[in-house]
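Close look at the chain arrangement
Below, each chain spelled out in residue letters.
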Amino acid sequence: MTQTSSDPKSSRWMLPNPLTRAWLSLLVLSTASALLTILPLSSPVLSAGILILALSKARIILARYLDLTHSPAWLSGFTNVLTGFAMVIFGLSLF
């Protein structure tokens, strides 16, 4: 996943490109979501944790894969709408 420098004199590792870092981040967050479900947590705590991880994944997808980092207003708007939906879902999960 990481690449070595093409310069034979340099042995430093180069960071992967932003899409690879985003993919690795999504992989870690998905694994964390799966591990969260096997912990003995109460339902509201579990719901909140899964929703927070889902929001983090959505933000990464919007920013990196849809390239909204160059349009912060759109990224902020989508984030606010998704956060609102997550809050409604969390509120409904409490009933």
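Above this text is the structure in question.
Residues numbered from 1 in each chain as written. Predicted model: local features only at pLDDT ≥ 70, side-chain atom pairs only at ≥ 80, totals over all residues. Heavy atoms only, no water.

1. Observations regarding helix 1 (residues 18-38)
Definition in use: Comment: elements are numbered from the N terminus, with helices defined as DSSP H or I runs of at least four residues and strands as E runs of at least two. Multiplying one less than the number of residues by 1.5 Å gives the expected span of a helix. Partly exposed describes any residue whose relative accessible area lies between the buried limit of under 20% and the exposed limit of over 50%, with all areas from a 1.4 Å probe on protein chains only and scaled to the type maximum. Note that the arc is defined by the directions from the helix axis to the C-beta atoms.
For helix 1, with 21 residues, the first-to-last C-alpha span of 31 Å sits near the 30 Å given by 1.5 Å per residue. Listed as buried for helix 1 are Ala22, Leu26, Leu29, Ser33 and Leu36. All buried residues of helix 1 project into a common sector of 85° when viewed along the axis, lining one side. Counted as exposed and oriented over 90 degrees from the buried face of helix 1: Val28 and Ile38.

2. A few points about the nonpolar core
What counts, and what does not: Residues belong to a common nonpolar core when they are buried Ala, Val, Leu, Ile, Met, Phe, Trp, Tyr or Cys residues joined through side-chain atoms within 4.5 Å. Only heavy atoms enter the contact rule, under which two residues are in contact if any of them lie within 4.5 Å.
By size, the foremost hydrophobic cluster in this structure holds six residues: Ala22, Leu26, Leu29, Leu36, Leu53 and Ile60. Of all the secondary-structure elements, those providing two or more residues to this core are helix 1 and helix 2 (43-65). Setting aside chain neighbours within four positions, we find Ile60 in contact with Ala22, Ser25, Leu26, Leu29 and Tyr65.

3. Observations concerning helix 2
Spanning 23 residues, helix 2 covers 32 Å between terminal C-alpha atoms, matching the ideal 33 Å at 1.5 Å per step. For helix 2, the set of buried residues is Ser47, Gly49, Leu51, Leu53, Ile60, Leu62 and Ala63. In the core, the buried residues of helix 2 are packed alongside helix 1 and helix 3 (72-93). Following helix 2 by one or two positions, Asp67 adopts a phi angle in the positive range, close to 60°.

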